[in-house]
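Structural overview for review
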Amino acid sequence: MNDPHIWWYVTRTSAILAWTLMTLSVTWGVLLSTRVLRKVADSSRLQDLHRYFGGVALLMVVLHMVSLVLDQWAHFSIVELLVPLQSSYRPIPVAIGILAVYLLAAVYGSSLLRDRLPPKFWKGLHYTSYATVLAVAFHAGLAGSDVGRWWYVSLSTALISLTAVSVIVRLIMTSRAPAALPVAPAVDVATGYEGELADAVGRLAARRAINAQAGPTLATTVLDRAPDWTTAAAAMVVVDVHDAADGVRALRLLPLGGGDLPRWEPGAHLTIELPTGQTRQYSLCGDPAVRSHYDIAVLRDSLSRGGSAWIHDGLRPGMTLQVWAPRNHFPLVAAHDYLFVAGGIGITPLRSMLDSLPSRRSWRLLYLGRSRTTMAFLPDLLARHPERVFAYARDEHPARADVPAAIAQLTNATTEVFCCGPEELIDAVRAATSPERFHAEHFVPVVRTHVGAAKELTVDCVRSGIEVRVPAQSSVLEALESQGVPILASCRRGVCGSCEVRVLDGQPEHLDSVLDDDEKGELGVMYPCVSRAVGTRLALDV
């Protein structure tokens, strides 16, 4: 630190690194929206690297600004660094750089808060990253001290060219859309479906014939405008219904308004409103990279409350359903080695995880079921991954599977274990796995009881501007609904997570099975269908 120019060197180096990393982050983001990198790594790793580039770029910018304050020759003041047009040194280029800093902070902050922001707002804000890199290029060209040196010119040309190519690729991808086609009309189940089925099937067949020339997937545009997924449910047409196994019905849904569907990550689920008025959650079981349609599979539940029975008995191709954008409480984390444990229909979220992993990633699947004929997707999984899939059908063995022994045989010290299925299976896998490496999704709620007797509480609905009294014998959700506070809810048992609300004040008593309590605390959310409050007041963002 004896060199009087040390901070000047730090300033120049951090600026160049920040520009380079920002360009890489933008380019990586464009590549993520394609399938180019699918063979390189799984989506969670790719997303982490994208955010890493942006985060380190922001750190380099902060270092650049701090070094400008510490450098005894440049010696910028705090005001000159934070307020545009206050610098005596090249005020306009410096102002452009300051604006770029604020844009970069907003873009990176939005990526961390993506789950809490409206998708449309997040998308628009994220697109300003292109403007950010462009502003940095102007700032570097007009304010940089190394302009004119051969290495600086070469680096600048490379970075600007890479940014330009990324923008062009993004524009091409955004503008690419098939011609609009007519679609089967929505069908009122109460008035009968058979009279319009012929037209629906004919239109769908014509669409399949056209798309057979372009690729294996169905059309992504079926009307003249795309649905707005950011405000409410969107209409989707059922284009395929078939049996994935005995008692398991597989569905393919296509957007009625066309365009790419909202992005989703492995482990996500859809909330669907049935014509009966019920809302239900079903795990997505397709490839997350495919944006043209959604695939789900529904088990006929002997204890059905009406949802699965209607899907098996009443749903036909050509019908339309109201569908909310995917949500995810069971995300796939980055790891070198995975073990997936599925029990029955618990295979559905795990299948999307398998499809998202590159072929070179190490993973194994332990799949348990009553019989092979009832295990959805088993023939396909065995055909594609014979060395990785271990099936255990109960009717083929005299004894139950020894889950702890299987876990010990199929894992090592770094294996991340993902489990979905009956509670008995989840409990057995949890007992045989380190807590920090165990991930599960529940189909039925874990039994959790109040600490002491349930008591009356008051909920401040901050957004609605009203105060709601919740009797001891009523759930928070029921009380809010009785006062007309709009909340999407489905299972009402603390499993699906559809009624998630943000907690602004007060301490909730978590009685759900959606997320770990620590995670809910970090996110600042609760699920009012079953959870209450430790005290007597809560303030919610509703």
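Values in this document were obtained by computation on a predicted structure and should not be read as measured data.

Quick look at a negative patch on the surface
- Negative charge collects at one region of the surface, where Asp 516, Asp 518, Glu 519 and Glu 522 lie side by side.
- One can find Asp 516 in the loop between strand E15 (508-509) and helix H15 (517-523).

A look at helix H12 (residues 403-410)
- Within the sequence span of H12, burial applies to Val 403, Ala 406, Ile 407 and Leu 410. Across the axial projection of H12, the buried residues extend over an arc of 100°, all falling on one side. The exposed residues of H12 that point more than 90 degrees off its buried face are Ala 408 and Gln 409.
- The inward-facing, buried residues of H12 abut strand E7 (337-343), strand E8 (362-369), strand E9 (389-393) and helix H13 (423-431).
- Regarding H12, its N-cap is Asp 402, as a side-chain oxygen of that residue lies 3.3 Å from the backbone nitrogen of Ala 405 further along.

A closer look at the confidence of the model for the chain
- Here the chain averages 80 in pLDDT, while 82% of its residues score no lower than 70.
- In the model of the chain, helix H8 (residues 194-212) stands out as the element of lowest mean pLDDT, 39, in contrast to E7, which has the highest, 96.
- A low-confidence stretch, residues 176-226 (pLDDT under 50), is modelled with 79 contacts involving residues beyond four sequence positions or located in other chains.

A closer look at the pairing of strand E11 (residues 438-442)
- Within E11, four of the five residues are buried, leaving the element largely enclosed by the surrounding structure.
- Between the parallel pair strand E10 (residues 416-421) and E11, the chain is carried across by H13, and the sense of this crossover is right-handed.

Cut-offs used in this document
Residues numbered from 1 in each chain as written. Predicted model: local features only at pLDDT ≥ 70, side-chain atom pairs only at ≥ 80, totals over all residues. Heavy atoms only, no water. Patch = residues over 30% accessible without salt bridge, like charges linked within 9 Å, V, L, I, M, F, W, Y side chains within 5 Å. Areas by Shrake-Rupley, 256 points an atom, 1.4 Å probe, with all protein chains shown as cover. Salt bridge = Lys/Arg side-chain N within 4 Å of Asp/Glu carboxyl O. Lys, Arg positive; Asp, Glu negative; His and termini not counted. Charge placed at Lys NZ, Arg CZ, Asp CG, Glu CD. Helix = DSSP H or I, 4+ residues; strand = E, 2+ residues; numbered from the N terminus. Buried < 20%, exposed > 50% of the residue type's maximum accessible area, 1.4 Å probe, protein only. Arc of directions from axis to C-beta. Contact = heavy atoms within 4.5 Å. Polar contact = N/O pair within 3.5 Å; in protein donor to acceptor, adjacent residues only side chain to side chain. pLDDT = per-residue confidence, 0-100. Right-handed = clockwise from strand over helix to strand, strands pointing away.

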